[in-house]
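Residue strings, one per chain:
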Amino acid sequence: MVTDPACGMEVDPLTTSVMAEYDGQLYYFCSEGCREQFEKNPQRFAESAISAFGRRDGVQSPRLSSESAGGTFELHIRHDDHVNVGDEVTLTKTISEDDVNRFAVATSDTNALHLNEEFASRTRFGRRIVHGTLVSGPISAALASLPGITIYISQSLEFHGPVFIGETVTAR
């Protein structure tokens, strides 16, 4: 499996017919839409892809860096192929109105508290807040930037206050 550089989904290079070549490298995509997005600005995706792991068959599985999705991260690791005690990743992202709107569409969570400014202004928060699950999303993204294959099994969250649109969150 390789990662679609435009959307980050896993793609089987042996079964997909959607691919493009750029700068001597072959890229595989989950859909024509992702390939079209890549072809509009291939340099952006090619330069922001970071190696995730190499397989015995020589296939490299790139991951799209968090910068291309509007975040920044710092990765402090000792080895490129596995995680050690003491390794650390920090992902920081400012959550935009577009992030909130796209999350609502993707999840069907159309709670007015997240999408309707007039409604939200009458709540204890005084304005729209970001979906809790969207706020926790950078945890998954930070874990995914660690070397090897990271499996996100569980988490327990406690929110101490709202996150408003335009605020920055950090996962470490």
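For the structure, check the block above.
**Brief notes about the pairing of strand 4 (residues 25-28)**
Part 1: In this sheet, strand 4 lies alongside strand 3 (residues 19-22) in antiparallel orientation, the contact comprising four bridges. If you follow alanine 20 over to strand 4, its bridge partner there is tyrosine 27.
Part 2: What sits between strand 3 and strand 4 in their antiparallel hairpin is a turn of two residues, with aspartate 23 showing a positive phi close to 50°.

**Focus: the pattern of salt bridges**
Part 1: Here the structure, examined in full by the defined rule, presents seven salt bridges.
Part 2: Notably, a salt bridge pairs glutamate 88 with arginine 172, separated by 3.8 Å at the nearest N-O pair. Here glutamate 88 is found in strand 8 (residues 88-94), whereas its partner arginine 172 is found in the segment after strand 9 (168-171), with 84 residues between them in sequence.
Part 3: Note on glutamate 88: relative accessible area 34%, which makes it partly exposed.
Part 4: Note that aspartate 99 is salt-bridged to arginine 102, the shortest N-O span being 3.4 Å. Highlighted residues: aspartate 99 and arginine 102, both in helix 3 (residues 97-107), separated by three residues, approximately one helical turn.
Part 5: Classification of arginine 102 as exposed rests on a relative accessible area of 52%.
Part 6: Taken together, the salt bridges that share partners define one network made up of Lys93, Asp98, Asp99 and Arg102.

Reading the values: rules and limits
- Per chain, residue numbering runs from 1 following the sequence as it is written.
- Side-chain atom pairs in this predicted model are given and counted only at pLDDT of 80 or more, local residue features only at pLDDT of at least 70, and totals for whole chains, interfaces and linings cover all residues.
- The basis for every side-chain value is the complete set of heavy atoms in the structure, and neither hydrogens nor water enter the calculation.
- Whether two strands pair comes down to DSSP finding at least two bridges between them.
- Helix and strand definitions here come from DSSP, where helices need a minimum of 4 consecutive H or I residues and strands a minimum of 2 consecutive E residues; each element is numbered from the N-terminal end.
- What counts as a salt bridge is simple: a side-chain nitrogen of Lys or Arg found within 4 Å of a carboxyl oxygen of Asp or Glu.
- Each residue gets one of three labels from its accessible area relative to the maximum for its type: buried under 20%, exposed over 50%, partly exposed in between, using a 1.4 Å probe on protein chains only.

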